[in-house]
Amino acid sequence: MIKLLIAGVAGRMGQRINALASQDPTFKVVYGLETPANIATLPGLPVGSDKSYIAKADVVIDFTIAEATVVLLPEVVNYHKAIVIGTTGFSAEQEAMIAHAAKEIPIVISFNMSLGVNVFFKIAQEVAKVLPGYAVHIQETHHTQKKDAPSGTALQAGRLIEKVSKQKATYESFRKGDVVGDHRIIFKGPFDTLELMHHAESRDIFVTGALQAARWVAGKEPGLYSMWDVLGL
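Described in the following lines is the structure provided in the data block. (Residues numbered from 1 in each chain as written. Predicted model: local features only at pLDDT ≥ 70, side-chain atom pairs only at ≥ 80, totals over all residues. Heavy atoms only, no water.)

When two helices pack together, their arrangement is given by the angle between the helix axes and by the axis-to-axis distance. Running from amino to carboxyl end, helix α4 (residues 115-130) crosses helix α5 (residues 152-165) at an angle of 30 degrees, the nearest separation of the two axes being 8 Å. In terms of orientation, α4 lies roughly parallel with respect to α5. Between α4 and α5 the crossing geometry is right-handed. Touching V117, F121, A124, Q125, A128 and K129 of α4 are T153, Q156, A157, L160, I161, K163, V164 and S165, all from α5. (Axes fitted to C-alpha atoms, helices over the stretch in contact; angles between N-to-C directions. Helix = DSSP H or I, 4+ residues; strand = E, 2+ residues; numbered from the N terminus. Parallel < 35°, antiparallel > 145°, perpendicular 65-115°, else oblique. Left-handed = near helix turned anticlockwise from the far one by under 90°. Contact = heavy atoms within 4.5 Å.)

This paragraph deals with helix α6 (residues 204-217). Between its terminal C-alpha atoms α6 stretches 20 Å, which fits the 20 Å expected from 14 residues at 1.5 Å a residue. If you check which residues of α6 are buried, you get F206, V207, G209, A210, L211, A213, A214 and V217. Looking one or two residues past α6, G219 carries a phi angle of roughly 85 degrees, positive in sign. (Expected span 1.5 Å × (residues − 1). Buried < 20%, exposed > 50% of the residue type's maximum accessible area, 1.4 Å probe, protein only.)

Looking now at the environment of V30. Note that V30 resides in strand β2 (residues 27-33). Leave out the neighbours within four places in its chain, and V30 touches K3, L4, L45, P46, Y53, K56 and A57.

Moving on, we get to the layout of surface pockets. Put simply, the largest pocket is a space of about 1,300 Å³. Counting residues per element, the ones that place at least two in the lining of the largest pocket are α1 (12-22), α2 (66-78), β9 (181-188) and β10 (193-200). Residue contributions to the lining of the largest pocket peak at five residues, all from α2. Among the residues forming the lining of the largest pocket, the class breakdown is 17 nonpolar, 21 polar and nine charged. Each pocket or cavity is described by its volume, and for the second largest pocket that value is around 370 Å³. (1 Å grid on protein atoms, 1.4 Å probe; cavity = no way out; pocket = protein on both sides within 12 Å on 5 of 7 lines; lining within 4 Å. Points joined across faces, edges and corners; volume = space filled by probe spheres on them. Nonpolar A, V, L, I, M, F, W, Y, C, P; charged D, E, K, R; others polar.)

Examined bridge by bridge, strand β7 (residues 135-142) and β9 share seven bridges and lie antiparallel to one another. Across the sheet, the residue bridging to H137 is I186, located in β9. Pairing between β7 and strand β8 (residues 170-175): six bridges, direction parallel. Residue pairing in the sheet places Q139 in a bridge with E172 of β8. A crossover links β7 with its parallel partner β8, the connecting element being α5, and its sense is right-handed. (Pairing = 2+ DSSP bridges. Right-handed = clockwise from strand over helix to strand, strands pointing away.)

Mapped onto the elements, N118 comes out in helix α4. Among the polar contacts listed, one links the side chain of N118 to the backbone oxygen of N112, at a separation of 3.0 Å. Once you skip the residues sitting within four places of it in the chain, N118 turns out to touch S110, N112, M113, M227, W228, L231 and L233. (Polar contact = N/O pair within 3.5 Å; in protein donor to acceptor, adjacent residues only side chain to side chain.)

Taken together, seven strands build an open sheet; the order of strands is β3-β2-β1-β4-β5-β6-β11 and the sheet is parallel. At either margin of the open sheet sits one strand with a lone partner, and together these are β3 (47-48) and β11 (223-225). The sheet contact formed by strand β1 (residues 2-7) and strand β4 (residues 59-62) spans four bridges and is parallel. Looking at the pairing, L4 lines up with V59 of β4. Along the sheet, helix α3 (residues 92-101) contacts β5 (82-85), β6 (106-109) and β11; its crossing angle with β6, the most-contacted strand, is approximately 140 degrees.

Under the 1.5 Å per step criterion, the end-to-end length of α2 is 19 Å for 13 residues, consistent within 8% with the ideal 18 Å. At L72, α2 shows its maximal kink, close to 25 degrees; a proline, P74, follows between one and four residues later. Restricting attention to buried positions, one finds in α2 the residues A66, T69, V70, L72, L73, V76 and V77. Of the surrounding elements, those touching the buried residues of α2 are β1, β2, β4, β5, α3 and β6. Two residues or fewer after α2 comes H80, characterised by a positive phi angle close to 55 degrees. (Bend = angle between axes of the 7 residues up to and from the residue.)

Attention shifts here to a nonpolar patch on the surface. The grouping of V119, I123 and L233 at the surface amounts to a nonpolar patch, some 240 Å² of accessible area in total. Counting through the fold element by element, L233 comes out in the segment after α7 (227-231). (Patch = residues over 30% accessible without salt bridge, like charges linked within 9 Å, V, L, I, M, F, W, Y side chains within 5 Å. Areas by Shrake-Rupley, 256 points an atom, 1.4 Å probe, with all protein chains shown as cover. Salt bridge = Lys/Arg side-chain N within 4 Å of Asp/Glu carboxyl O.)

Put into structure tokens, the structure is as follows:
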């Protein structure tokens, strides 16, 4: 059994991770970590701001905000635990802090935990290899509460494409209602256009990916891993 601590347990993602993990005999959620202002009562789960509970977990799953993640990370390193990071919006300095921590503990980080999105990434990179001269435009739409724009998922797609084609993507962001997440990658050539699209119908796609990452990373050697490592892509 893999023991989990969920950081940001009172948020939308945190509550769904707790709900699905509680239905899976692979996992036991031992603590929900929250800021004092956001502490909520969840049936059967202790919730608070006491980071010493990290010692009771095998894996920490973090869906908070970038500033909270980098504060939490040294504590996870201190207890030598694995962490799955689904938070987005990191600065270059914060990403460097995460990379440094990965020398001490195993970290899975992804700007999108969806299994389908990570296959989407892989396909986009393969298309970019074959069509290196095509201009790349990435559109993303999310719910109105999402603060970072472009989304981490869109930026990651752009980075992966640029890595193999040297094409820098342009971005367009929309915030509408309660949209979970739509991403469209448009490859524009002189005489044709190719589009790839991923549509998320439920936030549970991110939850199932995060839990799969937690299964995979438990007991791993220190290192900075991606969902491609988890999926064997």
